[in-house]
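What the coordinates show
What follows is the residue order along each chain.
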Amino acid sequence: MWLINCQTLTLVEKGSPARVKYAILSHTWEEGEEVQFYEFKHHTATEKRGWAKIRNLCRLALADGYQFAWCDTCCIDKTSSAELTEAINSMFPWYAAADICYVYLADYDSSNRSGNMGDSRWFKRGWTLQELIAPAEVRFYDSSWSTMGTKVNMSKEIAEITGIEENVLSASKDRDLDDVLGQLSIAKRMAWAAKRETTRTEDAAYCLLGIFGVNLPLLYGEGDRAFMRLQEEIVKTSNDLSLFAWTSSENALLGSRDSYSGVFAQNPRDFLHSGEMVLSSNGMYNSEFTLCNKGIKMEMLLFYSLKMELHLLALNCHEAAAPKDNIGIYLKHHGANVYSRARPRTFVYEFDANLKMSPDKSFFLNKQLTPALRDHWTQFTAMQSSSQTWEEPSGNFSLMGRWGPKPSGMAGSACSLQRDLSIS
C-alpha cells in the first residue's frame with residue numbers, strides 16, 4: 001500500500017494499513033486533470049487541478065495530526081495489473097482502516113441555499129458507495145473546501161439521498177462492519193448501487209466487492225460478465241435468497257408471459273425496486289444452494305400454478321412495509337429439472353394455500369439465458385399456448401402478482417403501477 005507523506009509530498013510503501021494512522025480522500029475524477037502514480041512520484045503534473053486536490057488532502061491531514069494520506073489517483077500504480085487488482089480488492093478494508101475520510105464535493109457550493117447536496121456527482125458514482133460506508137469517520141467538504149459536517153451528524157440527509165440506513169451510516173469505529181452489513185439482505189445492498197454509474201462497465205461489479213465481502217480477479221474487457229461473476233462469488237459465501245429478488249430493467253414487454261431470463265440480474269439497476277427487502281428469517285434456515293455446471297442447484301419446495309403453467313419460488317424475504325407478504329419469483333420448467341426465471345419484471349407477493357406444492361427435490365436454475373436460448377423458449381411457449389385450450393382447474397385459489405414495487409400510494413413504496421391476477 002502506497003501512502004503520501006504529507007510533509008514531503010512523496011510516496012512511501014507500507015505493508016499493512018493496520019500499522020499506520022492515515023487520512024483518506026473520497027472524490028470524483030475529472031478527466032485529464034488527475035495526477036497519476038508516476039506523475040506524482042516525479043512531480044511532473046503540478047499544473048493539474050488534481051495536484052491542488054492532493055495538496056488540500058495533505059493540508060487537512062496534517063491539521064488533524066496525520067503524517068500520511070491516501071488518494072486513489074496517485075497511490076496506485078495502474079500500469080501494473082497485479083497492483084491494480086490488489087488495490088481494488090483491498091480498497092474497502094483500506095477505507096475502513098483509515099482514521100478519517102475527507103469527502104470532496106467538487107460541484108457543490110454549500111453557501112448556495114438553492115443548491116441540493118444530493119445533486120452532487122459524488123452521490124451518483126459507483127466507487128463512492130464503499131467510500132461512504134467503510135470509514136467510521138467521514139467529513140464532508142464543498143467545492144471551496146469549506147467544512148459541511150460529518151457522516152454521523154448528516155446521517156438523516158445522507159440516508160434520504162442514498163437509501164442507506166442511518167444505523168449503517170452511524171456505526172462506530174469499534175463495530176464489526178461485516179456483521180453490520182451481513183444483517184442486511186443482499187437485495188437491499190444491491191439497491192444502494194442501482195442508480196449509480198461507473199465509467200467502465202466492469203466497475204459496476206468491482207466497486208461492490210467490499211460491500212459483499214468477496215474478491216475477484218479483474219478482467220477489464222469482460223463487460224457485463226463481471227456482474228455475473230460477482231453474483232457467482234456471492235453464492236459461494238451466502239445462502240441469502242434475496243440475491244434473486246430483482247425485477248428486470250430491460251425494455252421488454254412488461255411482465256410478458258413469454259418473457260424469460262436467468263435468475264441472475266444483468267446489472268445493479270435490476271435491484272432498483274429492491275431497497276425495502278428484509279430477510280423474513282435468519283439465513284441459516286434457508287436451504288443451501290450451490291453453483292454447478294448446470295446452473296444453480298437447489299433442493300427446495302416449489303409451488304405451481306395450473307392456470308399460468310408456472311412454478312413459484314419463495315425467497316424468504318419481504319418488503320419492510322408488508323412483513324406478511326413473502327416475496328417470490330416465477331419459474332418456467334424446461335425439462336430435465338432445469339428452470340429459468342419467468343416474468344422477470346414481476347414479483348410474486350402472496351402464496352395461497354391452495355396452490356399445488358411439490359415436495360422438496362433437487363432442481364437447477366439457469367444463471368443466465370443467452371439471447372438464442374431465450375428466443376428458443378419464447379417461441380416454444382408461444383407454440384404451446386396457441387395449440388392448447390385451457391380449462392379452469394378444480395378448486396379455488398388466488399394468486400396476486402404485482403409489477404415490480406408497490407404503488408406510490410402504499411407505505412414504503414416507490415412506484416405507481418399495480419396489477420392483480422386472480423384465478424378462481
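1. Overview of the overall build of the protein
Counting its secondary structure elements, the protein contains 12 helices and 17 strands. Every one of the 424 residues in the protein was classed for burial, and the buried ones make up 52%. A separation threshold of at least 6 residues defines the contact pool for the protein, and within that pool the share at least 24 residues apart is 66%. Surface exposure of the protein reaches about 19300 Å², of which carbon and sulfur atoms provide 48%.

2. Let's talk about the packing of aromatic side chains
Taken as a whole, this structure holds 16 aromatic pairs when the rule is applied. Residues Trp-70 and Trp-94 carry aromatic rings whose centres are separated by 5.6 Å and whose planes lie at 65 degrees to one another, so their mutual orientation is edge-to-face. Linking Trp-70 in strand S4 (residues 68-70) with Trp-94 in helix H3 (residues 81-97), this pair joins segments that are 24 residues apart in sequence. The buried category is assigned to Trp-94, whose relative accessible area is 8%. Ring plane angle 90 degrees and centroid distance 5.3 Å describe the contact between Tyr-206 and Tyr-220, whose orientation is recorded as edge-to-face. Pair noted here: Tyr-206 is in helix H9 (residues 203-206) and Tyr-220 is in the loop between helix H10 (209-212) and helix H11 (225-237), with a separation of 14 residues, a long-range link. Note on Tyr-206: relative accessible area 0%, which makes it buried. Joined through ring pairs, the aromatic side chains of Tyr-102, Tyr-104, Tyr-141 and Trp-145 make up one cluster. Taking the ring centre of Trp-246 as reference, the NZ or CZ of Arg-341 above it sits at 4.5 Å. Sitting over the face of the ring of Tyr-330, Arg-343 holds its NZ or CZ atom 5.9 Å from the ring centroid.

3. A few points about helix H5 (residues 155-162)
Looking only at H5, the buried set comprises Ser-155, Ile-158, Ala-159 and Thr-162. For H5, the buried positions fall inside an angular range of 105 degrees around the axis, keeping them on one side. In H5, the exposed positions that point more than 90 degrees away from the buried face belong to Lys-156 and Glu-160. Against the buried residues of H5 lie helix H4 (127-133), strand S6 (138-141), helix H6 (166-169) and helix H8 (186-192).

4. Notes on the sheet that holds strand S3 (residues 22-26)
Strands sit in the order S2-S1-S4-S3-S5-S6-S7 across an open sheet of 7 strands; the sheet is mixed. In the strand order of this sheet, the two ends are held by strand S2 (10-13) and strand S7 (147-150), each with one partner. Shown here is a sheet whose adjacent strand axes are inclined to one another by a mean of 30 degrees, direction ignored. Pairing of strand S1 (residues 2-5) with S2 involves 4 bridges; the strand directions are antiparallel. Within S2, the residue paired with Trp-2 across the bridge is Glu-13. Strand contacts of H3: S1, S3, S4 and strand S5 (100-104), with the helix running at about 110 degrees to S3, the strand carrying the most contacts.

5. A closer look at the pairing of S1
Neither face of S1 is exposed, since Trp-2 and Ile-4 on one face and Leu-3 and Asn-5 on the opposite face are all buried. Taking the residues that link successive antiparallel strands as the turn, the S1-S2 hairpin has 4 residues, and the phi of Leu-9 there is positive, at about 55 degrees. As judged from the 2 bridges shared by S1 and S4, these two strands associate in the antiparallel manner. By the bridge assignment, Asn-5 is partnered in S4 with Phe-68.

6. A short note on the pairing of strand S10 (residues 289-292)
For S10 and strand S11 (residues 295-305), the ladder comprises 4 bridges, and the chain directions are antiparallel. Counted as the bridge partner of Thr-290 is Lys-297 from S11. Hairpin remark: S10 followed by S11, antiparallel, with 2 residues in the connecting loop.

7. Observations regarding the environment of Leu-57
Along the polypeptide, Leu-57 turns up in helix H2 (residues 49-63). Sequence separation of Leu-57 and Ser-26 is 31 residues, and the distance between their C-alpha atoms is 9.9 Å. Discounting chain neighbours no more than four positions away, the residues touching Leu-57 are Ile-4, Ile-24, Leu-25, Ala-69, Trp-70, Cys-71 and Tyr-102.

8. Details of the side chain of Glu-131
Structurally, Glu-131 is set in helix H4. One buried charged side chain, Glu-131, makes no salt bridge at all; its nearest oppositely charged neighbour is Arg-196, positioned 8.0 Å away. A polar contact of 3.5 Å, which involves the side chain of Glu-131, links it to the side chain of Tyr-95. Those residues in contact with Glu-131 that lie beyond four places of it in its chain are Ser-26, His-27, Asp-72, Tyr-95, Cys-101, Trp-122 and Val-138.

Definitions and limits used
Residues numbered from 1 in each chain as written. Predicted model: local features only at pLDDT ≥ 70, side-chain atom pairs only at ≥ 80, totals over all residues. Heavy atoms only, no water. Helix = DSSP H or I, 4+ residues; strand = E, 2+ residues; numbered from the N terminus. Buried < 20%, exposed > 50% of the residue type's maximum accessible area, 1.4 Å probe, protein only. Contact = heavy atoms within 4.5 Å. Areas by Shrake-Rupley, 256 points an atom, 1.4 Å probe, with all protein chains shown as cover. Phe/Tyr/Trp six-rings, centres within 6.5 Å; stacked < 30°, edge-to-face > 60°. Lys NZ or Arg CZ within 6 Å of the ring centre and 35° of its normal. Arc of directions from axis to C-beta. Pairing = 2+ DSSP bridges. Axes fitted to C-alpha atoms, helices over the stretch in contact; angles between N-to-C directions. Lys, Arg positive; Asp, Glu negative; His and termini not counted. Salt bridge = Lys/Arg side-chain N within 4 Å of Asp/Glu carboxyl O. Polar contact = N/O pair within 3.5 Å; in protein donor to acceptor, adjacent residues only side chain to side chain.

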